[in-house]
Amino acid sequence: MSKGIYVATIEPNSGKSVVVLGLMRMLLGKTAKVGYFRPIIEDTKEGEPDNHINTVVSYFELDINYKKTFAYTRSQVLDLYNRGKSGDVIDEIIKKYKHLEERFDFVLVEGTDFSHENSSLELDINILISKNLGLPVIIVSQGDKKELSEIVENVQLAHDTFKEEVDVLSIMTNKIDPKDVGTLKGLIKSRINEGTDITVIPKIGSLASPTVKEIVRKLKGTVLFGQEMINNQSENYSVGAMQLRNYLTHLKENALVITPGDRADIILGALQANISANYPKISGIILTGGLIPEKPILRLIEGLSSVVPIISVKDGTFFVTNAIGKIKSRIYAENIEKIETSIATFEKHVDTNKLAEDLITFKSDIFTPRMFQYNLLQRALKDKKHIVLPEGYDERVLRAAVRLIDAHVVDLTLIGEREKIQERIDKHDIPLDLNTVNTVFPIESPDFEDYVQTFYELRKHKNVNMDMARDAMSDVSYFATMMIYKGHADGMVSGALHTTAHTLRPALQFIKTKPGVNIVSSVFFMCLEDRVSIFGDCAINPNPNAEQLAEIAISSAETARNFGVEPKVAMLSYSSGASGKGEDVDRVRKATEIAKAAAPDLKIEGPIQYDAAVDMRIGKSKLPDSEVAGQASVLIFPDLNTGNNTYKAVQRETGALAIGPMLQGLNKPVNDLSRGCTADDIYSTVIITAIQAQDF
Ligand SMILES: CC(C)(COP(=O)(O)OP(=O)(O)OC[C@H]1O[C@@H](n2cnc3c(N)ncnc32)[C@H](O)[C@@H]1OP(=O)(O)O)[C@@H](O)C(=O)NCCC(=O)NCCS
Ligand SMILES: CC(=O)OP(=O)(O)O
């Protein structure tokens, strides 16, 4: 079941509020705790809340702090985008949304308003956000003053654009001439036949017209009388320039009377008409030209028991009439009537039972790298671990340390001489305060002799003597690994300066494998543009035999599951099924059979080529009956030549973040890095290591 829904529009004034209000009512009827979130709001005046948030939160009396209901204002986002920090925008939005997801049973997310130019950027941002929140989308469009063919084109284009990246649950087209509702629904359905629900909502006069309050606000008018009726709807307006006897015949229901302030005859006549059974009611009177009626007229009005709003504005009649014609109707907190009309409209035209059912059964397959990284951080924060970084002089390690300490996600020990580490910090101008981390220099450590003795005991059967043990413990990899063995730290990450063999040999020698595991292997979490794939083994076993390959596959599937990726395992080879022959293909086929026998529920396919594993079209043509082909999430390489170079090729050619290699099968978490790693890679690998350490 989805924990939220994203309401996105594709144009300004689409009537998105009708959908949001109706949805909120529907959701509150199904579950008690519903949250509301707007990733990006319009810029507001100092101290003024966003109108949409204010309306939804106050009408439904949601128990939610204003600051928690949005992430950014439009100008903050533009500023961050201009500074190349679009990734930070998404990270913060995910963080704020996830807080609400934890607190509420369901979260209704309202996208941007499209009230500015650059609508293609805005469309992209909405798609990006909904994708990164893993939410299904309701697209809202509007058809006011448009040909039906134009509406259909727009809706189809929007649907196809969103559908490429996210799940579109429903399309709601608003403000349609009531006589066209059925026809339009049929036309849209004939174009979009993929099970997306289609709703067409007619134009509702009372929602399309502004209230007197909205008009006062736009015209910067002064309310002289009738403040208590300021939320009257103005469905019409007409200028009182002719004689009263003629003007009265032009009055329409809920019309706004516009007249110069010195036309007492029109003012009094309109007020009288409002209470006469023989004339329609009016919504208010606008007095133009800054003219205020004379005192006796004002006294007369003051004496009336009830008066519609009378507003004075500075501008002339012509300007005011034009300006009123351009005012777009808004829904706001005090206008209960409009809110309730919106909800009633939604309930009348939307199949709410079907929509609720779709939400219950919805399951997202989308798992973006940013969601993945957010989840990792949250998991690591739940139980803080102590990680040792043997390469304390490396600039990238020190930069990663700053981020890790700032995030309060781990405690750190850096191996190295304190003064020398400080020199590096100063040299590279790194904002790391050494008081926030622990530092150890092996040969000066009070634990050194104990570690030497322990290593000697553990390895004497391999002809290690005390001198050799002392030499070994002077090495940063051995010393840091011994800290893990002794329980003086929970995990180790190294390899930014040292080779994989140098980093891992101590762990293989005395941390050893977990019970039931024969070989240590590794995976990379490959954060591709729209998904996280798991590549194994790209770091340790040069030429695994069939049994070892099967074990690598099973361990990698387990790792995938532990880190929130549903394992669909592809055993890679230069053959898909029986298309190619050779010893290496046979080895992969045998490995697949062994893995299937050991884990019968595991979705696994092999031998299979990379293209058939990840591309649905090719997968279907090469292996039509496979439940893995085209959708593999775990890719197992036949040997280290292929695995190591493939991960590097993908990383370098696509810019993907490659987290790892993360080792699997060891008794305690020790992880390697590539010497080509960045501070970001180190940061992510430390977080992964901390999560692994939570299981020991
Ligand atoms: C992993 C690796 C370093 C082990 O090399 P090594 O230390 O020379 O291996 P050895 O055969 O001497 O084994 C040393 C110990 O590790 C153990 N070991 C080696 N590979 C192991 C594995 N995959 N799983 C579990 N234990 C392993 C051995 O059993 C042995 O234990 P013991 O000394 O208690 O008997 C080696 O396989 C290697 O270099 N792999 C490629 C690394 C690489 O360059 N990757 C590319 C860049 S990431
Ligand atoms: C993991 C890996 O390939 O390491 P390096 O690039 O240091 O050889």
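Now for a look at the structure at hand. Note that this is a predicted model, so its numbers are computed, not measured. (Residues numbered from 1 in each chain as written. Chains lettered and ligands numbered in written order. Predicted model: local features only at pLDDT ≥ 70, side-chain atom pairs only at ≥ 80, totals over all residues. Heavy atoms only, no water.)

## Comments concerning the packing of helix H16 (residues 369-382) against helix H28 (residues 679-693)
Logical step 1: Where H16 contacts H28, the two axes come as close as 9 Å, and the packing angle between them is 50°. On the basis of their axis angle, the class for H16 and H28 is oblique. The crossing of H16 and H28 is left-handed. Each of Gln373, Leu376, Leu377, Arg379 and Ala380 in H16 lies in contact with H28, whose residues at this interface are Tyr683, Ser684, Ile687, Ile688, Ala690 and Ile691.
Logical step 2: Taken together, the residues of the contact of H16 with H28 sort by class into eight nonpolar, two polar and one charged. (Axes fitted to C-alpha atoms, helices over the stretch in contact; angles between N-to-C directions. Helix = DSSP H or I, 4+ residues; strand = E, 2+ residues; numbered from the N terminus. Parallel < 35°, antiparallel > 145°, perpendicular 65-115°, else oblique. Left-handed = near helix turned anticlockwise from the far one by under 90°. Contact = heavy atoms within 4.5 Å. Nonpolar A, V, L, I, M, F, W, Y, C, P; charged D, E, K, R; others polar.)

## Quick notes on helix H2 (residues 51-59)
Logical step 1: Of all the nine residues making up H2, seven are buried; the element is thus mostly covered by neighbouring parts of the structure.
Logical step 2: Structurally, H2 contributes buried residues whose contacts are with helix H1 (16-30), strand E2 (34-41), strand E3 (70-73), strand E4 (106-110) and helix H14 (336-349).
Logical step 3: N-cap assignment for H2: the residue whose side-chain oxygen lies 3.3 Å from the backbone N of His52 is Asp50. (Buried < 20%, exposed > 50% of the residue type's maximum accessible area, 1.4 Å probe, protein only. Polar contact = N/O pair within 3.5 Å; in protein donor to acceptor, adjacent residues only side chain to side chain.)

## Points about the sheet that holds strand E7 (residues 197-202)
Logical step 1: Taking strand neighbours across the sheet as the criterion, the seven strands line up as E3-E2-E4-E1-E5-E6-E7 in an open arrangement whose pairing is parallel. Where the open sheet ends on each side, the last strands, each with one partner, are E3 and E7. The sheet shows a mean angle of 20° between the axes of neighbouring strands, direction not considered.
Logical step 2: Here four bridges tie E2 to E4, and the two strands are oriented parallel to one another. Note that in E4 the partner of Gly35 across the bridge is Val107.
Logical step 3: Docked against the sheet, H2 engages E2, E3 and E4, running at close to 175° with respect to E2. (Pairing = 2+ DSSP bridges.)

## Points about helix H17 (residues 395-406)
Logical step 1: Compared with an ideal rise of 1.5 Å per residue, which puts twelve residues at 16 Å, H17 spans 17 Å between its outermost C-alpha atoms and is within 8% of the ideal.
Logical step 2: All of the buried residues along H17 are Val397, Leu398, Ala400, Ala401, Val402, Leu404 and Ile405.
Logical step 3: Elements that come into contact with the buried residues of H17 comprise strand E13 (385-389), strand E14 (410-415), helix H18 (418-427) and H28.
Logical step 4: By the N-cap criterion, in which a side-chain oxygen at the helix start approaches the backbone nitrogen of a residue two or three places on, H17 is capped by Asp394, the distance to Arg396 being 2.9 Å.
Logical step 5: Of the residues one or two after H17, His408 is the one with positive phi, at around 55°. (Expected span 1.5 Å × (residues − 1).)

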